[in-house]
Structure formats: C-alpha cells, structure tokens
Amino acid sequence: MEEVVIIGAGPTGLMLACELRLAGVRTTVLEKRAEPGDLPKANGLGGQIIQLLDHRGLLERFSAGSPFAGRAPGFPFGSVPLKFAELGDESPLQLLMIQQPRLERLLRERAAELGAEISWDHRLRTLAHDDEGVTLEGDGFRLQASYVVGCDGGHSLVREQAGIGFPGTTDDEVLRLGHFAAPDASIFDTPQVNGLQQGWNQTPNGRLLLTSLQPGVHIVGVREKGVAPATAVTLAEFEAAVRRVIGVDLPLGEPIWLSSTVSQARVADHYREGRVFLAGDAAHLFPAGGSALNVGLMDTANLAWKLAAHLHGHAAPGLLDTYESERRPVAVHTLRHTRAQAALERLTGEDGTALRDLLAELFAFDQPLRRLGDMLQGSDIRYGTAPHPLTGRFAPDLTLTTTEGPTRVAELMRPAGWVLLNLGPSELGDLASDERLQVVAAHCADPPADVLLIRPDGYVAWAGTEGLPEAMTTWLTPQPA
C-alpha cells in the first residue's frame, strides 16, 4: 500500500511530492497526461512561496536565468498600480518570473532526486475510502493508499468523488490569452498601439492586455462578455476578439500559444473528507491577482509535514484537521481581495475611472500600500492568536551566529524539519534532547524572542519560553521515555 498518492502532476502536486519525500513519506504522483505539458499557463511566482523555496535551498536554482527575481518595485491591484518603489525601503512583495513549463520541470527533477514516483498516462476514474485506506481505480491500474491528495485542478475528480462541494461564481467574461513571437520589433512601436499602454487597457467593449516578459515574445489578452469557445482558440478568432474590443487590428505576430478561460471564484466546502485531501486549484479558484500558485504551493507545505507526522506516529490528536482550519481561511481571505481586484478590472465608464483614481490616491500612502503588499505576499497570514506577535507567522530570516559559523534561519530549514532556535540563556529541559527537533543555540542582533520553535513549513509554533513544552504537544505527541 502506498502511503500517499497525489492526483495531478502540476506545480501543486509536484511541490507536495517534494515536501512529502523530504519528510520521509512514500509518495506516488498520478497524472492523466501522457507527458509533461509545454503551455505557459503561469508566468511566475509571487509571495511567500519564494521564501519557502529559499528554505528548501531551491531559490537560486529556480531563479537562474529568470528575467526578474527579487522585491517587486510595483504590482497591479486589479487595474490600480501599487508603487512599492516609493516606500523607500524593501518592497513587501517578492516575485520570481518563471514560466510554468520550466517550473514544473524543476519540480519534477527535485521530486525525482528525492525519490518520488511520477506515473504518466494514469487517468483516475474512481476512488473509494474507508477507515482502512483509499482504493483508486483508473485506466489499467488499481492502487491502494493510506491517503490521497487531489491536486487535479478546478475540475477535480478527486473532489467530486469525495463529495465535497465547490460553491462560488463563474464570470460572465471570457479571457483569450496568447503568446506571440515578434522578433523584429516591439508591438509598442507600431501605429496601431498608439494610445494604448502596457498592461490592461479599458474600452467600452472590454479590456486588452499588452505586455512582454522576454524579448521577442508579446503577451496579449482580450476580455469581453461571452463564453469560452468549445474548441481550441484559433488565430483568426483571437484577432477578431481584439478587433471587437479596440476597433482595429493589431500586428500580433506568429502565435506560440493561444488559450481561453472563464474566471471562477470558489472555495471548497472543506479540504478533507476522511482520508482524502484537496490542495491548490482543486480547493480554491481565484478570479484575479495571480495569487493561485502562491496559495496552492503553500497549501502543500502545510499539509505535508502533518501527513508525515501522522504516518510516522508523531502527530498530536487532531493534527490533520488543522490543515483545513489553517489553510481554508487563507483561501477565503485571498478570494475576498481577488474578487475586489476583478471588480476593479470589470468596472467601466466614468464610475470605474472615478473609483480607480480615488484608490490610486489612497494607495499612494505608505500604510495602505504596505498593507496591500503584505496581503499579496501572504505575510499578513497568522495561524492562531497566541500572545507573542511572531507565533503563527512565517519565521523571520534572521542572520545568526552559531559555534559552527554564520547561518540564516532559511539555511536551518533545508531538511524541512522542526527547529528549536535558542537565542538567549534559556534552559530548554527535555526538549533539548528531543530527536525530532534540530536544536540550535545562536546569537543575533536584536533577537525577537529568547526561543523560537519553528514548524517544518516555516511558521513559528511558539515564541518565548513560557509554555514551550505545552506548545510542542499541541503539534506532536510527547517523546517516548
């Protein structure tokens, strides 16, 4: 019997496989596609996932050759620009430009290095689960597993088979998106683009996106009322949509990739049904803002260590249920601000202009600008309400001095285990000898607490010394004598 089977070899499923293997869990990924895809469905990562990649020692590898990796000087909130460069210090939002095919390839390579098995052309048909495990059947295979995680997207069969509801709304606009090769000249140098700006452009008939993330490739998007085509988008159809929205033809160039989609705003009723879990787009769909990968990939870090602790017999009672109680509110929170962004993008005419102009004035002030940056980054997330302000938040990447030399919190997190960081003269008692903890005595400038207990997903489980043993048993069973 497999310990965990993951359905779906997209970014979320692959990241979960990496996290589970780091935690020593036997993991198999089933993917219905016959081979990896080459469609650039996403063009980058933004938010706390970049800090997690740093924790796993993957950030340099993933950012190599990227057109941009670092603190964002600006970012759109719907159709209102956020000018983080005007804060005068570090932007609250981190970005890494990496197209989805390369992201998936690097995650596949990492999963293979860690010993995860990826089975292509394995389309799931049915699953059944009881107190003993999960039985999965598909075209030419039958598997049994202790747990199954659906990372199979917005149309998740796992979610459907588990009987989990997916309430929400579907947009009444269709988005056609295309990547076009135009090596001879920038689309912005052509007369037809006169009066249009990089980014989204509003017209009475819809919206047009013009941007570029690499030389010689233009990204063009067209939003208008309607439904997504039943078949693959053709160049002629794409050109007609552009003409309807802006009234003229554009020199698009040779199409590399064309697609169409209709945005949805949904969060699953729950993230767990017995031995079946959901993560990523199978659990939530956001209508705007580029938050989906950040939230979905962070789902995996939260779930993996909890599944591992349970399978290894270390989990405190109810630990698996904290996956939903921690991560579903994050999706609800993200859905709220992405709905607001989608509404800002849709609103046309004088009312839309007035609202965007007013918000642009408000967002020029430091406090709302930082607040929105924290929201997009995910650094406003806090699990629980413990007294110390660090508890429940992602651990700060402190620069440390230890007896073995200088290091950072991120470097301590490479094994994806628990870290007990002693920054003061505290006596840690029996916890100092708990083999499940990496205990590190260190010094740093202006320590935020005497002791930090950091979970495998990078969040602080406890800060301070009072109540530390009790905090440990909140997450893990007491160490056997």
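Structure first, text after, so check above.
Draft legend 1. Local environment of the overall build of the protein. Along its length, the protein carries 12 helices and 27 strands. Taken over the C-alpha trace, the protein has a radius of gyration of 24 Å; the compact-globule value for 481 residues is 23 Å, and the two agree within 12%. Counting every position in the protein, which comprises 481 residues, the buried fraction comes to 52%. Taking as baseline every contact in the protein between residues at least 6 positions apart, the subset at least 24 positions apart corresponds to 69%. Surface accessibility of the protein: about 21200 Å² in total, with carbon and sulfur atoms responsible for 51%. For the protein, the centre of its 41 positive side-chain charges and the centre of its 60 negative side-chain charges are spaced 3 Å apart.

Draft legend 2. Local environment of the nonpolar core. Judged by nonpolar contacts, the single largest core of 74 residues is most densely connected at Leu45, Ile49, Phe62, Leu136, Val149 and Leu307. Considering each element in turn, this core owes the most residues, 9 residues, to helix H7 (residues 292-311). With near-sequence residues (within four places) excluded, Ile49 lies in contact with Met15, Asn294, Leu297 and Met298. One finds Ala315, Leu420, Val451 and Ala461 within the second-largest nonpolar core, a separate group that totals 19 residues.

Draft legend 3. Inspection of the sheet that holds strand S12 (residues 168-170) at higher detail. With respect to topology, 3 strands assemble into an open sheet ordered S12-S18-S21, the strand pairing being antiparallel. Across the chains shown, the open sheet's two edge strands, defined by having one partner strand only, are S12 and strand S21 (284-285). Direction of pairing for strand S18 (residues 264-267) relative to S21: antiparallel, over a ladder of 2 bridges. Bridge pairing in S21 links Arg266 to Leu285.

Draft legend 4. Main features of helix H12 (residues 468-475). Within the sequence span of H12, burial applies to Leu468, Ala471, Met472 and Trp475. Angular distribution of buried residues about the axis of H12 spans 100°; they occupy a single face of the element. Residues of H12 that are buried in the fold lie against H7, helix H8 (321-346), strand S24 (418-422), strand S25 (437-441), strand S26 (451-454) and strand S27 (460-463).

Draft legend 5. Spatial organisation of the pairing of strand S11 (residues 141-150). Counting buried positions over the 10 residues of S11 gives 7, a clear majority of the element. Sheet topology places strand S1 (residues 2-7) next to S11; 5 bridges connect them, and they run parallel. Bridge pairing links Val4 to Tyr147 in S11. Relative to S11, strand S10 (residues 134-138) runs antiparallel, the two sharing 5 bridges. Bridged to Val134 within S11 is Ala145. Following S10, the chain reverses through 2 residues before pairing antiparallel with S11; Gly140 in that reversal takes a positive phi of roughly 85°.

Draft legend 6. Just the pattern of salt bridges, in detail. Applying the stated rule across the entire model yields 29 salt bridges. Close ionic contact of Lys225 with Asp172 constitutes a salt bridge, the shortest N to O distance being 2.7 Å. Taken as a pair, Lys225 in strand S16 (residues 217-225) and Asp172 in the loop between S12 and strand S13 (173-181) lie far apart in primary sequence, 53 residues in all. Judged by its relative accessible area of 40%, Asp172 is partly exposed. Salt bridges sharing common partners tie together Arg61, Arg105, Glu109, Arg110 and Glu113.

Basis of the calculations
Residues numbered from 1 in each chain as written. Predicted model: local features only at pLDDT ≥ 70, side-chain atom pairs only at ≥ 80, totals over all residues. Heavy atoms only, no water. Helix = DSSP H or I, 4+ residues; strand = E, 2+ residues; numbered from the N terminus. Rg over C-alpha atoms; globule rule 2.2 N^0.38 Å. Buried < 20%, exposed > 50% of the residue type's maximum accessible area, 1.4 Å probe, protein only. Contact = heavy atoms within 4.5 Å. Areas by Shrake-Rupley, 256 points an atom, 1.4 Å probe, with all protein chains shown as cover. Lys, Arg positive; Asp, Glu negative; His and termini not counted. Charge placed at Lys NZ, Arg CZ, Asp CG, Glu CD. Core = buried A, V, L, I, M, F, W, Y, C linked by side-chain atoms within 4.5 Å. Pairing = 2+ DSSP bridges. Arc of directions from axis to C-beta. Salt bridge = Lys/Arg side-chain N within 4 Å of Asp/Glu carboxyl O.

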